[in-house]
Structures are given as structure tokens and as C-alpha cells.
Amino acid sequence: TKEKKRHMGDTKHFCPVSLKENFVLYPGLHEHAAKYQEKFYYFSTSEYRDKFLKNPEEYVAHNEPIHAPPLRVCLLGTHGAGKTTCARQIANKLGIFHIQFEEYLQELILPKTKEKVGPHFDEEPEDDDKTPILSQELEDSSQTMAKTETEKSKQEVELTDEEEAIKANLMDNKALPPEVLDNIVLDWWRKEPFRSTGFILDGFPRTLDEAQYLSERGLCPDVAVYIQVEESDILDRLFPPRLKKWKERQYKKMQNKKKLKDLKAKIRV
């Protein structure tokens with residue numbers, strides 16, 4: 001009751017220093033409160049409170065109200081929950097950016113990997129019995145070409161440490177180091193055009209470490225939405241296209257075996 005009677009500052013219960021310097025609505029804490037011109041202000045840290053008290057006029061409204069930052073949404077959910085479909089619709093309706101996190105990671109390394117990486121893009125290994133019986137001359141030629149292509153591929157796919165970390169994350173779900181996240185995530189909060197337009201971040205944070213990273217950097221989303229769906233719905237959505245791909249691979253294997261059989265028949269003749 002006592003708190004309700006307090007006259008709050010221009011930013012209400014949000015930290016005015018976080019808003020001014022980072023353009024983020026960061027909830028202030030009661031233990032980091034200060035009073036200025038009969039109004040109470042709450043701060044995210046004691047350092048920001050001290051900074052405010054040194055020069056309060058820099059952080060309060062003067063001729064017009066303080067502008068709030070645009071909407072920033074984190075949309076979470078398991079793979080196949082429909083995050084991307086919902087995110088696109090929300091982004092179009094609100095006029096904000098849609099950022100699909102894992103797709104963005106793929107785009108960062110795609111110029112070097114030439115194809116998307118990860119368990120959802122791995123093809124089944126080829127069968128050993130598909131190696132055709134060729135003459136020694138053709139086999140030597142094939143091996144020479146394969147060696148040349150391999151060496152060329154190695155030269156082209158020399159990843160930086162950051163790209164290696166991104167690839168490991170996509171392939172094996174290894175955590176992205178904070179310094180890599182700094183080069184990716186900070187821009188969405190602090191640089192244009194995202195800073196003044198807002199965004200819906202699809203699929204991030206994915207882990208507790210990534211959520212803690214946002215908190216430590218003071219990157220507060222305005223809304224975090226978790227899409228919860230039944231397992232049966234996810235299976236109905238993901239299984240048909242996976243089954244189709246599997247059938248296509250099986251058909252390809254059968255065609256290769258048929259070609260191999262025909263080739264063996266010709267060699268015997």
C-alpha cells in the first residue's frame with residue numbers, strides 16, 4: 001500500500017538508465033531505488049543508480065514524454081511446434097522483423113559449407129554395394145578426380161573459430177560462446193534497423209545458458225511466448241515429409257542397384 005502511494009518517475013518501474021543507454025525496458029529493483037524531485041526511480045543495478053544520481057537531468061523527460069522502445073518478442077517451443085509459421089504472421093501483422101535464429105546461423109556459414117548442416121539435413125550414408133565395377137583406367141581417373149575435389153573442398157571450407165562454433169552448435173547442439181553470441185544477438189537490440197523497428201525472435205533462447213546470457217547483457221524481451229503442443233500434433237506435422245524423403249532415398253537406392261546389375265550383366269557379355 002505504501003508503494004502504491006509513491007509518485008513514480010517517468011519510466012515507472014523500469015530502469016531509466018537502461019532505457020536511455022540501451023533502449024531496453026529493464027525492470028528496476030526496490031533495493032536500487034532513488035528519489036529525484038519527489039519522484040521515485042528504480043534501477044537494474046546499483047551502478048546505474050549511481051550514474052543516474054550524478055546527472056539525473058540526462059535521464060528524465062523534459063519537453064516531451066520519454067519514448068518507449070519497440071516490441072521485442074521471444075517465441076519458444078520444441079521443433080515442429082509451428083514457431084516459424086506463427087512468427088511470420090505476427091511479424092507481418094505488427095510490422096516488425098522476423099528472425100529465425102537457427103536459419104540465421106545457417107546463413108552465416110552457408111557461403112563456406114555450401115549446404116545446410118545439422119541432424120535435420122543429414123542424408124543417410126550410401127550402401128557399400130553401390131560401388132560400380134569399372135575398368136582399372138576409369139577407376140584411377142575417378143580416384144584422381146575425387147582427390148582433386150577433396151583438396152579443393154578443404155581449401156574452400158576453412159572456417160574461422162566463430163564459424164566452427166556455429167557449425168558445432170548446429171551439428172551437435174554445443175553451446176555458443178558468449179563472444180559469438182555478442183557478434184550476433186547484440187545487434188538486434190542495439191543497432192538499426194532492428195533497434196527502432198522491433199522484432200520477433202523465433203527459437204531463441206533455446207537453453208538456460210542462452211537465457212542467462214540475455215539477462216547478463218541486459219537484453220530483455222518485452223514478451224516471451226512458449227508454444228506448447230501435443231506430441232501427436234508434432235508427429236503429424238513432421239512425419240509425412242520425413243517419410244517422403246526416406247521413400248525418395250529408397251527409390252534412388254533401388255535405381256542404383258538396378259544400374260549396377262545391368263552394368264555387371266554387360267561386363268559378363
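Residues numbered from 1 in each chain as written. Predicted model: local features only at pLDDT ≥ 70, side-chain atom pairs only at ≥ 80, totals over all residues. Heavy atoms only, no water.

Where an unreviewed UniProt entry is consulted, the protein appears under the name KAD9 kinase, with the organism given as Nyctibius bracteatus.

**Q** Go over the overall build of the protein with me, naming the residues and quoting the values.
**A** What the protein contains, in helices and strands, is ten helices and six strands. The 269 residues of the protein split such that 30% are buried. Within the protein, contacts between residues separated by at least 24 positions form 71% of all contacts whose residues are at least 6 apart in sequence. Here the protein has roughly 18,200 Å² of accessible surface; of this, 52% comes from carbon and sulfur atoms. (Helix = DSSP H or I, 4+ residues; strand = E, 2+ residues; numbered from the N terminus. Buried < 20%, exposed > 50% of the residue type's maximum accessible area, 1.4 Å probe, protein only. Contact = heavy atoms within 4.5 Å. Areas by Shrake-Rupley, 256 points an atom, 1.4 Å probe, with all protein chains shown as cover.)

**Q** Lay out the packing of helix α6 (residues 161-172) against helix α7 (residues 178-190) with the relevant residues and their values.
**A** Relative orientation of the contacting elements α6 and α7 amounts to 90 degrees, with a least axis distance of 10 Å. The angle between α6 and α7 places the two elements in the roughly perpendicular class. The residues of α7 that touch α6, namely those facing E162, A165 and I166, are V180, N183 and I184. Its residues placed into classes, the contact of α6 with α7 shows four nonpolar, one polar and one charged. (Axes fitted to C-alpha atoms, helices over the stretch in contact; angles between N-to-C directions. Parallel < 35°, antiparallel > 145°, perpendicular 65-115°, else oblique. Nonpolar A, V, L, I, M, F, W, Y, C, P; charged D, E, K, R; others polar.)

**Q** Now, about a negative patch on the surface: what can you tell me, with residues and values included?
**A** Side chains of E230, E231, D233 and D236 sit close together on the surface and give a patch of like negative charge. Assessed through its relative accessible area of 39%, D233 is described here as partly exposed. (Patch = residues over 30% accessible without salt bridge, like charges linked within 9 Å, V, L, I, M, F, W, Y side chains within 5 Å. Salt bridge = Lys/Arg side-chain N within 4 Å of Asp/Glu carboxyl O. Lys, Arg positive; Asp, Glu negative; His and termini not counted. Charge placed at Lys NZ, Arg CZ, Asp CG, Glu CD.)

**Q** Quick rundown of the side chain of H32? Include the residues and the values.
**A** You can see H32 is positioned in strand β1 (residues 29-36). Taking the relative accessible area as the measure of exposure, H32 reaches 16% and is therefore buried. Sequence-distant contacts of H32, defined by excluding residues within four places in its chain, comprise Y41, Y42, F43, S44, T45, S46 and R49.

**Q** Outline the environment of G203, listing residues and values.
**A** Within the element layout of this structure, G203 appears in the loop between β5 (199-202) and α9 (208-216). On the accessibility criterion, G203 (12% relative accessible area) is buried. When the C-alpha positions of G203 and C74 are compared, they lie 7.3 Å apart, and in sequence the two are 129 residues distant.

**Q** I'd love a proper account of unusual backbone geometry, names of residues and values included.
**A** Across the junction of E192 and P193, the peptide omega takes the value 0 degrees, indicating a cis bond. Position of P193 among the secondary structure elements: in the loop between α7 and α8 (194-197). Here the bond from F204 into P205 is cis, since omega is 0 degrees, no more than 30 degrees from zero. Structurally, P205 can be placed in the loop between β5 and α9. Within the chain, F23 stands out as a residue other than glycine whose phi angle is a positive 55 degrees. Checked against the element boundaries, F23 lands in the loop between α1 (16-22) and β1. In this model, E38 sits at a positive phi of 65 degrees, which is unusual for a non-glycine residue. Relative accessible area serves as the criterion here: at 56%, E38 is assigned to the exposed category.

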